[in-house]
Amino acid sequence: DFQLCERDAFVSYVEPSMAENARRQMHRTVLHKSMLDVELDLAAPPPPECAPMREAPTIRRKPELFDELDDPQATCRVCVDELGEGVGEAEVANIFKPFGFIDSVVIRRAAGRGVPMADIKFRSLSSAVRAKREMDGRRLWVNRSRVDYCMGPASCELWLGSVHGSITEQQLGTELGRFGKVVEVRLHRTSKCAYVAFERVEDAVQAADQMRGRTVGASTWRLKV
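My aim in this report is to walk through the structure given alongside it, one point at a time. (Residues numbered from 1 in each chain as written. Predicted model: local features only at pLDDT ≥ 70, side-chain atom pairs only at ≥ 80, totals over all residues. Heavy atoms only, no water.)

**Concerning the nonpolar core**
Right, so step 1: Counting 25 residues, the largest nonpolar core has V78, V80, V92, F96, I120, F122 and W141 as the members making the most contacts within it.
Right, so step 2: Mapped onto this core, the elements with two or more residues apiece are β5 (77-80), α2 (89-96), β6 (102-109), β7 (116-122), α3 (125-135) and β8 (147-149).
Right, so step 3: For this core, the leading source of residues is α3, giving 5 residues.
Right, so step 4: Sequence-distant contacts of V80, that is, excluding residues within four places in its chain, are made with F96, M117, A118, I120, L140, W141, S145, R146 and V147.
Right, so step 5: In terms of nonpolar packing, the next biggest core, distinct from the first, is built from 19 residues, I167, L176, V185 and A194 among them. (Core = buried A, V, L, I, M, F, W, Y, C linked by side-chain atoms within 4.5 Å. Buried < 20%, exposed > 50% of the residue type's maximum accessible area, 1.4 Å probe, protein only. Helix = DSSP H or I, 4+ residues; strand = E, 2+ residues; numbered from the N terminus. Contact = heavy atoms within 4.5 Å.)

Here is the structure:
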């Protein structure tokens, strides 16, 4: 069902997951020279000045990826493209520091295009999620910048996010030990994350590919890697 009212539009989907996918794709995109601000409204009675919408199906379950923090693709790193020429790490850090503590900013050239881009590593996952949500599609310099999650350079150490409090270091070591020899496991309970060090880089890369979005033990939390 679709209803247009003044400057707001209300769109009803059959499945909540469809609405979430639409929000992810359309939020902060430009349509007819206006930037869309798309949000979910599960308790969605139409405004009184609008004609009544057709009755929507009862929502019986939450969408699997209702919040960006539940997105298994989310990481503490974001990539920002379309930097202006001559933009340095300090300027990028100054723009993104309102979202949280930044560990590092690295300026590089996009492969094949030569366009300057920045890799930003935040201290926490929630900071990276907010930065992506608020800054993606904005005109930060000359052109609109694309802000998306990215992986750091391949190394022996993995960062795991959304680690449930019931998970132990021994469980993580056993689960990830299937991919190669694990040298060290460090849990950070307050940040709900862990660092796992492998002996070989190729084992860490394989573990990252296989464990992203997976669950560990009895927890239903999906790992970020």
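Once the structure has been displayed, the description carries forward.
**Digging into the sheet that holds β5**
Right, so step 1: A sheet is described by the order of its strands in space; here 4 strands give the open sequence β6-β7-β5-β8, paired in antiparallel fashion. Taken across any chain shown, the strands that pair with only one partner, and hence form the sheet edges, are β6 and β8. Going from strand to strand, the sheet's axes swing by 25 degrees on average, the running direction of each strand aside.
Right, so step 2: Taken strand by strand, α2 contacts β5, β6, β7 and β8, and its axis lies near 130 degrees from that of β6. (Pairing = 2+ DSSP bridges. Axes fitted to C-alpha atoms, helices over the stretch in contact; angles between N-to-C directions.)

**Here's the deal with the pairing of β5**
Right, so step 1: When β5 meets β7, the two strands line up antiparallel, connected through 4 bridges. Along β7, the bridge assignment pairs V80 with A118.
Right, so step 2: Note that β5 and β8 share 3 bridges and pair antiparallel. Counterpart to C79 in the pairing with β8 is D148.

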